[in-house]
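# Summary of the model geometry
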Amino acid sequence: MSEPSTATPEVRLQQLREAIDETDNALLNLLYQRKQLAAEVGVVKRAMGQPLYVPEREAKLLEARREEAEKIGLSPDLIEDVLRRIIRESYHQQQAADVHLEQRTIVVVGGDGALGRLFVERFREAGATVYSLDQGDWHRAEEYCHAADLVLVSVPIAATEEVIADLPTLPEQCILADVTSVKQKPLQAMLAQHNGPVVGLHPMFGPQVATLAKQLIVIAEGRQPEAYQWLLDTLARWGAQLYTTTAARHDEAMGFIQVMRHLSTFVYGAHLAEERADLQQLLDLSSPIYRLELMMVGRLFAQNADLYADIILAHPENFAMLRRYLKTFDEYLAALEAGDKSRFVEKFAEVSSYFGEFSQKFLEDSQRLLASAGDAHQLSQVAGR
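For every chain, the first residue of the written sequence is number 1, and numbering continues from 1 onward in sequence order. Reporting of local features is limited, given that this is a predicted model, to residues whose pLDDT is at least 70; pairs of side-chain atoms are given and counted only at 80 or more, and all residues count toward the totals for whole chains, interfaces and linings. Excluding hydrogens and water, the side-chain values take into account all heavy atoms of the structure.

## Let's talk about the packing of helix α6 (residues 157–165) against helix α7 (residues 184–193)
Lines fitted to C-alpha atoms define the axes, with helix axes restricted to the stretch in contact, and inter-axis angles between N-to-C directions lie between 0 and 180 degrees. Each helix is a run of H or I in the DSSP string that is no shorter than four residues. Each strand is a run of E no shorter than two, and both are numbered from the N terminus. The geometry of α6 relative to α7 is characterised by a closest axis approach of 9 Å and an angle of 5° between their N-to-C directions. Relative to α7, the element α6 lies roughly parallel. Every residue of α7 that contacts α6 at T160, E161, I164 and A165 is listed here: K185, P186, A189, M190 and Q193. Amino acid classes used here: Ala, Val, Leu, Ile, Met, Phe, Trp, Tyr, Cys and Pro are nonpolar; Asp, Glu, Lys and Arg are charged; the rest, including Gly, are polar. Tallied by class, the residues present in the contact of α6 with α7 amount to five nonpolar, two polar and two charged. Any angle between 65 and 115 degrees counts as roughly perpendicular, while under 35 counts as roughly parallel, over 145 as roughly antiparallel, and the rest as oblique. We call two residues in contact when some of their heavy atoms are within 4.5 Å.

What follows is the structure in structure tokens.
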């Protein structure tokens, strides 16, 4: 049994801090070892042609670590948060599956654009012969496309249908695909332009992603799915999560996922600007959830205005829905102005019932995000002093 410490509280505090520093250094060494192992796993998976991201494996790993954490008195949520961050970093370090496209010729229309360039790089890394076809070299369209296995259209929404219509005749087995955020009209345009395999893609991410692991790509069914399966297999091996639906269902969902959100966010930001709100003061006085909301508003205005305008304008069928949204907003604003609290509470209960079990799940998931956001804000405040 060790002798009781006779050190003063100040000395003991310093001893404990030094012990924590040593423990942190040990953690760093363990993380480095894990990084090396993860890199080797990536090499083996690449050689085997396995996908970069295997959801079932990750889910089992996290569940097992949660159980072990609970047994030794650690927070399972803490361990899951730490491991998710480590795993995400591992995906950045690992290479995607060893996809061999050396025999493929691919044309990316709009390959000089940000998203187009991302796909140009990925296909070239896989060994394909890749041509970037842009405005300045459109006179070479026939030359580039005559032996293409895939023509991928990655141009602004407003120009997509016109660009598709201007494409030269493509080889019979060539896949014609697009990556715009609307699907019905581009898909119709591709089906009219090309008699071979056609598929619509909507990458639900920006061009700044470091890896396609865990990134969602929506697949809008077109024609001859067996002929474009190699393209979907390639995306899956790179780690992307594929969700297949119809163009109509995609566009209906995007009315809520993109159009309503983007316009609401734009109006929120525009109102803050018109009111000349002090953004720094809003940040200083906000809890993590309100800071995140403000960050999402500001994030919109750091990006391309034409892109967001095109997304909203490409869905004119949603304007009636947006008018209903405004009507609902006005209705409950008027009720609150009149002091009718009961009407608000009744509607709250109705909407809560609509969300059902999703409400609790969203609450739990968001708590983890908010804790991380709160930590990041406090650290940034200290660093800025």
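## Concerning unusual backbone geometry
Phi at K214 is positive, roughly 70°, even though this residue is not glycine. Among the secondary structure elements, K214 is positioned in the loop between β5 (198–203) and β6 (216–223). Residue Q224 is not a glycine yet carries a positive backbone phi of 55°. Tracing the backbone through its elements, the reader meets Q224 in the loop between β6 and α8 (229–237).

## A closer look at the side chain of H315
Topologically, H315 is positioned in the loop between α12 (305–313) and α13 (319–337). Leave out the neighbours within four places in its chain, and H315 touches S181, V182, D251, M254 and V259.

## Notes on the nonpolar core
To define a nonpolar core, start from buried Ala, Val, Leu, Ile, Met, Phe, Trp, Tyr and Cys residues and group those joined through side-chain atoms within 4.5 Å. Here's how the labels work: a residue is buried when its accessible area is under 20% of the maximum for its type, exposed when over 50%, partly exposed in between, all with a 1.4 Å probe on protein chains only. Membership of the largest hydrophobic core comes to 31 residues, with the highest contact counts inside it found for I106, F123, L150 and L201. Every element with two or more residues in this core is listed here: β1 (105–109), α4 (114–125), β3 (150–153), β4 (175–178), β5, β6 and α8. The element contributing the most residues to this core is α4, with five residues. Not counting the four nearest positions on each side in its chain, I106 is found in contact with L101, F123, A128, T129, V130, Y131, L150 and W230.

## Describing the pairing of β1
Burial of β1 is extensive: five of the five residues sit out of reach of the surface. Residues T105, V107 and V109 of β1 are buried on one face, and the alternating residues I106 and V108, pointing to the opposite face, are buried as well. Note that β1 and strand β2 (residues 129–133) share five bridges and pair parallel. Its bridge partner being in β2, T105 is matched across the sheet by T129. A right-handed crossover is one whose linking path, passing over the helix from the first strand to the second, runs clockwise when the strands point away from the viewer. Handedness of the β1-α4-β2 crossover: right-handed. Across four bridges, the pairing between β1 and β3 is parallel. Across the sheet, the residue bridging to V109 is V153, located in β3. A pair of strands is considered paired only if DSSP assigns at least 2 bridges between the two.

On their own, these measurements won't tell you what the molecule is for.
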